[in-house]
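Spelled out, the chains give:
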Amino acid sequence: MYCLSMNICHFVVASVAMQYWIVVTIAKQLRASLNAKLSGCSMHADGFASVLQVEDKLSRFWQLHVQLDKLSRDISAFYSLSVLLTVTNALLVTTSVIYDIIAKPMVIRDDRLAISDYLRGLCFIFPYLYSVVMLTSRATAAVNESERTRDIVAGLLRKSQSRGIRDKLRQFSISLLYGVVEFTVFDFFSLNGSLVVSIVGSITAYLVIILQFQSEECTSQDES
(Lines give C-alpha, C1' and ligand atoms only; values in the text may rest on other atoms or scores of the structure.)
Protein backbone atom coordinates (compact mmCIF):
# COMPACT_ATOMS: atom_id res chain seq x y z
CA MET A 1 0.00 0.00 0.00
CA TYR A 2 2.85 2.34 0.83
CA CYS A 3 4.61 1.65 -2.47
CA LEU A 4 1.36 2.18 -4.37
CA SER A 5 0.70 5.53 -2.72
CA MET A 6 4.29 6.66 -3.32
CA ASN A 7 4.11 5.66 -6.98
CA ILE A 8 0.87 7.58 -7.36
CA CYS A 9 2.45 10.67 -5.78
CA HIS A 10 5.47 10.39 -8.07
CA PHE A 11 3.20 10.01 -11.09
CA VAL A 12 1.17 13.10 -10.16
CA VAL A 13 4.32 15.19 -9.64
CA ALA A 14 5.79 14.01 -12.94
CA SER A 15 2.53 14.72 -14.77
CA VAL A 16 2.34 18.27 -13.44
CA ALA A 17 6.02 18.81 -14.30
CA MET A 18 5.31 17.70 -17.88
CA GLN A 19 2.33 20.06 -17.99
CA TYR A 20 4.58 22.89 -16.83
CA TRP A 21 7.09 22.03 -19.57
CA ILE A 22 4.35 22.16 -22.21
CA VAL A 23 2.99 25.50 -20.97
CA VAL A 24 6.45 27.09 -20.87
CA THR A 25 7.12 25.73 -24.36
CA ILE A 26 3.94 27.40 -25.63
CA ALA A 27 4.97 30.68 -23.98
CA LYS A 28 8.40 30.40 -25.64
CA GLN A 29 6.86 29.79 -29.06
CA LEU A 30 4.59 32.81 -28.64
CA ARG A 31 7.63 34.90 -27.75
CA ALA A 32 9.51 33.51 -30.77
CA SER A 33 6.58 34.44 -33.01
CA LEU A 34 6.63 37.98 -31.62
CA ASN A 35 10.37 38.23 -32.26
CA ALA A 36 9.95 36.99 -35.82
CA LYS A 37 7.30 39.61 -36.56
CA LEU A 38 9.32 42.30 -34.84
CA SER A 39 12.43 41.40 -36.84
CA GLY A 40 10.47 41.64 -40.07
CA CYS A 41 9.05 45.04 -39.20
CA SER A 42 10.39 47.66 -41.61
CA MET A 43 11.54 50.94 -40.07
CA HIS A 44 11.59 52.80 -43.38
CA ALA A 45 8.54 55.08 -43.52
CA ASP A 46 7.78 57.54 -46.31
CA GLY A 47 5.25 60.14 -45.33
CA PHE A 48 3.24 60.90 -42.21
CA ALA A 49 0.69 58.13 -42.77
CA SER A 50 3.39 55.51 -43.12
CA VAL A 51 5.04 56.66 -39.89
CA LEU A 52 1.73 56.32 -38.07
CA GLN A 53 1.30 52.79 -39.40
CA VAL A 54 4.73 51.76 -38.12
CA GLU A 55 4.07 53.38 -34.74
CA ASP A 56 0.72 51.57 -34.50
CA LYS A 57 2.39 48.27 -35.34
CA LEU A 58 5.06 48.85 -32.69
CA SER A 59 2.35 49.70 -30.14
CA ARG A 60 0.63 46.38 -30.84
CA PHE A 61 3.94 44.54 -30.50
CA TRP A 62 4.51 46.34 -27.22
CA GLN A 63 1.09 45.33 -25.89
CA LEU A 64 1.71 41.73 -26.95
CA HIS A 65 5.04 41.79 -25.14
CA VAL A 66 3.38 43.06 -21.95
CA GLN A 67 0.78 40.29 -22.16
CA LEU A 68 3.48 37.66 -22.64
CA ASP A 69 5.34 39.02 -19.61
CA LYS A 70 2.17 38.73 -17.55
CA LEU A 71 1.62 35.21 -18.88
CA SER A 72 5.14 34.21 -17.79
CA ARG A 73 4.58 35.59 -14.29
CA ASP A 74 1.24 33.80 -14.03
CA ILE A 75 2.82 30.52 -15.13
CA SER A 76 5.62 30.93 -12.61
CA ALA A 77 3.21 31.69 -9.77
CA PHE A 78 0.69 28.94 -10.62
CA TYR A 79 3.25 26.13 -10.95
CA SER A 80 5.59 27.18 -8.12
CA LEU A 81 4.35 24.50 -5.72
CA SER A 82 4.50 21.78 -8.37
CA VAL A 83 8.03 22.70 -9.40
CA LEU A 84 9.10 22.86 -5.74
CA LEU A 85 7.74 19.35 -5.17
CA THR A 86 9.47 18.10 -8.32
CA VAL A 87 12.85 19.53 -7.31
CA THR A 88 12.52 18.34 -3.69
CA ASN A 89 11.45 14.87 -4.81
CA ALA A 90 14.42 14.61 -7.19
CA LEU A 91 16.82 15.77 -4.47
CA LEU A 92 15.59 13.31 -1.84
CA VAL A 93 15.28 10.30 -4.15
CA THR A 94 18.68 10.86 -5.77
CA THR A 95 20.42 11.31 -2.42
CA SER A 96 18.80 8.18 -1.00
CA VAL A 97 19.57 5.97 -4.00
CA ILE A 98 23.18 7.14 -4.34
CA TYR A 99 23.71 6.52 -0.63
CA ASP A 100 22.27 2.99 -0.86
CA ILE A 101 24.21 1.86 -3.94
CA ILE A 102 27.51 3.73 -3.53
CA ALA A 103 28.11 5.45 -0.20
CA LYS A 104 26.72 2.89 2.23
CA PRO A 105 28.59 -0.14 0.76
CA MET A 106 31.83 1.86 0.94
CA VAL A 107 31.38 2.54 4.66
CA ILE A 108 30.31 -0.91 5.75
CA ARG A 109 32.73 -2.56 3.26
CA ASP A 110 29.98 -4.52 1.56
CA ASP A 111 30.80 -5.56 -2.01
CA ARG A 112 27.80 -7.82 -2.55
CA LEU A 113 26.10 -5.40 -4.95
CA ALA A 114 26.31 -6.50 -8.56
CA ILE A 115 26.65 -4.27 -11.58
CA SER A 116 22.96 -4.78 -12.29
CA ASP A 117 22.14 -3.24 -8.90
CA TYR A 118 24.10 -0.11 -9.78
CA LEU A 119 22.46 0.11 -13.18
CA ARG A 120 19.03 -0.37 -11.64
CA GLY A 121 19.67 2.43 -9.18
CA LEU A 122 20.92 4.79 -11.86
CA CYS A 123 17.95 4.01 -14.08
CA PHE A 124 15.66 4.69 -11.12
CA ILE A 125 17.02 8.18 -10.42
CA PHE A 126 17.41 9.17 -14.08
CA PRO A 127 13.75 10.27 -14.59
CA TYR A 128 13.91 12.49 -11.51
CA LEU A 129 17.11 14.22 -12.57
CA TYR A 130 15.93 14.47 -16.16
CA SER A 131 12.70 16.18 -15.09
CA VAL A 132 14.69 18.90 -13.31
CA VAL A 133 17.06 19.36 -16.27
CA MET A 134 14.08 19.42 -18.63
CA LEU A 135 12.30 22.15 -16.65
CA THR A 136 15.39 24.32 -16.20
CA SER A 137 16.43 24.06 -19.85
CA ARG A 138 12.95 24.98 -21.10
CA ALA A 139 12.63 27.91 -18.68
CA THR A 140 16.11 29.12 -19.69
CA ALA A 141 15.15 28.93 -23.37
CA ALA A 142 12.04 31.04 -22.70
CA VAL A 143 14.10 33.64 -20.83
CA ASN A 144 16.67 33.74 -23.64
CA GLU A 145 13.87 34.32 -26.14
CA SER A 146 12.71 37.26 -24.06
CA GLU A 147 16.23 38.71 -24.00
CA ARG A 148 16.32 38.33 -27.78
CA THR A 149 13.37 40.74 -27.98
CA ARG A 150 15.51 43.38 -26.31
CA ASP A 151 18.30 42.85 -28.84
CA ILE A 152 15.86 43.11 -31.74
CA VAL A 153 14.38 46.37 -30.46
CA ALA A 154 17.87 47.79 -29.94
CA GLY A 155 18.75 46.89 -33.54
CA LEU A 156 15.58 48.52 -34.88
CA LEU A 157 16.35 51.62 -32.84
CA ARG A 158 19.71 51.97 -34.57
CA LYS A 159 18.17 51.57 -38.03
CA SER A 160 15.22 53.91 -37.55
CA GLN A 161 15.43 57.43 -38.99
CA SER A 162 12.00 58.77 -38.02
CA ARG A 163 11.88 60.69 -34.75
CA GLY A 164 8.42 59.39 -33.85
CA ILE A 165 9.41 55.79 -34.49
CA ARG A 166 12.63 56.23 -32.54
CA ASP A 167 10.68 57.60 -29.55
CA LYS A 168 8.32 54.61 -29.67
CA LEU A 169 11.22 52.17 -29.88
CA ARG A 170 13.01 53.95 -27.05
CA GLN A 171 9.94 53.57 -24.81
CA PHE A 172 9.69 49.92 -25.84
CA SER A 173 13.37 49.42 -25.00
CA ILE A 174 12.98 50.98 -21.55
CA SER A 175 10.06 48.68 -20.74
CA LEU A 176 12.17 45.70 -21.82
CA LEU A 177 15.00 46.87 -19.59
CA TYR A 178 12.85 46.91 -16.45
CA GLY A 179 10.48 44.06 -17.33
CA VAL A 180 12.86 41.12 -16.89
CA VAL A 181 11.26 37.72 -17.51
CA GLU A 182 12.24 35.07 -14.97
CA PHE A 183 10.70 31.76 -13.94
CA THR A 184 11.03 31.33 -10.18
CA VAL A 185 9.66 29.08 -7.44
CA PHE A 186 7.99 31.32 -4.86
CA ASP A 187 10.89 33.72 -5.52
CA PHE A 188 13.12 31.28 -3.60
CA PHE A 189 15.21 30.29 -6.60
CA SER A 190 15.15 30.61 -10.36
CA LEU A 191 14.80 27.84 -12.89
CA ASN A 192 18.13 27.99 -14.70
CA GLY A 193 21.41 26.14 -14.95
CA SER A 194 22.51 27.23 -11.49
CA LEU A 195 19.67 25.17 -9.98
CA VAL A 196 21.14 21.94 -11.37
CA VAL A 197 24.56 22.88 -9.99
CA SER A 198 22.99 23.63 -6.59
CA ILE A 199 21.22 20.26 -6.54
CA VAL A 200 24.46 18.40 -7.34
CA GLY A 201 26.26 20.36 -4.62
CA SER A 202 23.50 19.67 -2.09
CA ILE A 203 23.52 15.94 -2.84
CA THR A 204 27.30 15.84 -2.44
CA ALA A 205 27.16 17.75 0.85
CA TYR A 206 24.42 15.53 2.28
CA LEU A 207 26.31 12.37 1.32
CA VAL A 208 29.52 13.64 2.92
CA ILE A 209 27.68 14.45 6.17
CA ILE A 210 25.92 11.07 6.20
CA LEU A 211 29.17 9.25 5.47
CA GLN A 212 30.93 11.01 8.33
CA PHE A 213 28.26 9.99 10.84
CA GLN A 214 28.13 6.46 9.43
CA SER A 215 31.91 6.13 9.56
CA GLU A 216 32.09 7.33 13.16
CA GLU A 217 29.35 4.90 14.13
CA CYS A 218 31.14 1.97 12.47
CA THR A 219 34.44 2.98 14.15
CA SER A 220 32.83 3.12 17.61
CA GLN A 221 31.25 -0.31 17.05
CA ASP A 222 34.59 -1.82 16.02
CA GLU A 223 36.33 -0.40 19.11
CA SER A 224 33.65 -1.77 21.42
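The following refers to the structure shown. (Residues numbered from 1 in each chain as written. Predicted model: local features only at pLDDT ≥ 70, side-chain atom pairs only at ≥ 80, totals over all residues. Heavy atoms only, no water.)

1. A few points about the overall build of the protein chain
(1) Moving on: Within the protein chain, the secondary structure is distributed over six helices and two strands.
(2) Moving on: Secondary structure elements of the protein chain occur, N-terminal to C-terminal, as α-α-α-α-α-β-β-α.
(3) Moving on: Across the protein chain, contacts joining residues at least 24 apart in sequence account for 81% of those joining residues at least 6 apart. (Helix = DSSP H or I, 4+ residues; strand = E, 2+ residues; numbered from the N terminus. Contact = heavy atoms within 4.5 Å.)

2. Some details on helix 5 (residues 163–178)
(1) Moving on: The end-to-end C-alpha distance of helix 5 is 23 Å, a good match for the 22 Å that 16 residues give at a rise of 1.5 Å each.
(2) Moving on: Every buried residue belonging to helix 5 is among Ile 165, Leu 169, Phe 172 and Leu 176, and all of these are buried. Angular distribution of buried residues about the axis of helix 5 spans 60°; they occupy a single face of the element. Seen from the open side of helix 5, the exposed residues pointing more than 90 degrees away from its buried face are Arg 163, Leu 177 and Tyr 178. (Expected span 1.5 Å × (residues − 1). Buried < 20%, exposed > 50% of the residue type's maximum accessible area, 1.4 Å probe, protein only. Arc of directions from axis to C-beta.)

3. With respect to the environment of Gln 19
(1) Moving on: Structurally, Gln 19 is set in helix 1 (residues 2–39).
(2) Moving on: A relative accessible area of 41% means that Gln 19 is categorised as partly exposed.
(3) Moving on: Separated by 60 residues in sequence, Gln 19 and Tyr 79 place their C-alpha atoms 9.3 Å apart.

4. Notes on unusual backbone geometry
Among all residues except glycine, the phi angle is most often negative; among peptide bonds, the trans geometry is most common.
(1) Moving on: Phi at Phe 186 takes a positive value of approximately 55°, unusual for a residue other than glycine.
(2) Moving on: Within the secondary structure, Phe 186 is located in the loop between strand 1 (184–185) and strand 2 (189–190).
(3) Moving on: Taking the relative accessible area as the measure of exposure, Phe 186 reaches 41% and is therefore partly exposed.
(4) Moving on: Look at Asp 187: it is not a glycine, yet its phi comes out positive at around 60°.
(5) Moving on: Judged by relative accessible area, Asp 187 falls into the exposed class, the value being 66%.

5. Structural notes on the packing of aromatic side chains
(1) Moving on: By the definition in use, this model includes five aromatic pairs.
(2) Moving on: Between the aromatic rings of Trp 62 and Phe 172, the centroid separation amounts to 5.9 Å while the plane-to-plane angle is 15°, which identifies the pairing as stacked. In this pair, Trp 62 is assigned in helix 2 (residues 48–78) and Phe 172 in helix 5, connecting sequence segments 110 residues apart.
(3) Moving on: Judged by its relative accessible area of 22%, Trp 62 is partly exposed.
(4) Moving on: With relative accessibility at 1%, the residue Phe 172 sits in the buried group.
(5) Moving on: Residues Phe 126 and Tyr 130 carry aromatic rings whose centres are separated by 5.7 Å and whose planes lie at 20° to one another, so their mutual orientation is stacked. Of the two residues, Phe 126 and Tyr 130 both sit in helix 4 (residues 115–159), four residues apart, roughly one turn of that helix.
(6) Moving on: Judged by its relative accessible area of 52%, Phe 126 is exposed.
(7) Moving on: An aromatic cluster of at least three residues, connected via ring pairs, comprises Tyr 20, Phe 78 and Tyr 79. (Phe/Tyr/Trp six-rings, centres within 6.5 Å; stacked < 30°, edge-to-face > 60°.)

6. Concerning the pattern of salt bridges
(1) Moving on: In this structure the tally under the stated criterion is five salt bridges.
(2) Moving on: Residue Asp 69 pairs with Arg 31 through a salt bridge whose shortest N-O separation is 2.8 Å. Here Asp 69 is found in helix 2, whereas its partner Arg 31 is found in helix 1, with 38 residues between them in sequence. Summarising the burial analysis for this pair, Asp 69 and Arg 31 share the class buried.
(3) Moving on: Linking Asp 74 and Lys 70 is a salt bridge whose minimum nitrogen-to-oxygen distance equals 3.1 Å. Linking Asp 74 with Lys 70, this pair stays in helix 2, spanning four residues, or about one helical turn.
(4) Moving on: Assessed through its relative accessible area of 40%, Asp 74 is described here as partly exposed.
(5) Moving on: Among the residues examined, Lys 70 registers a relative accessible area of 47% and is labelled partly exposed. (Salt bridge = Lys/Arg side-chain N within 4 Å of Asp/Glu carboxyl O.)

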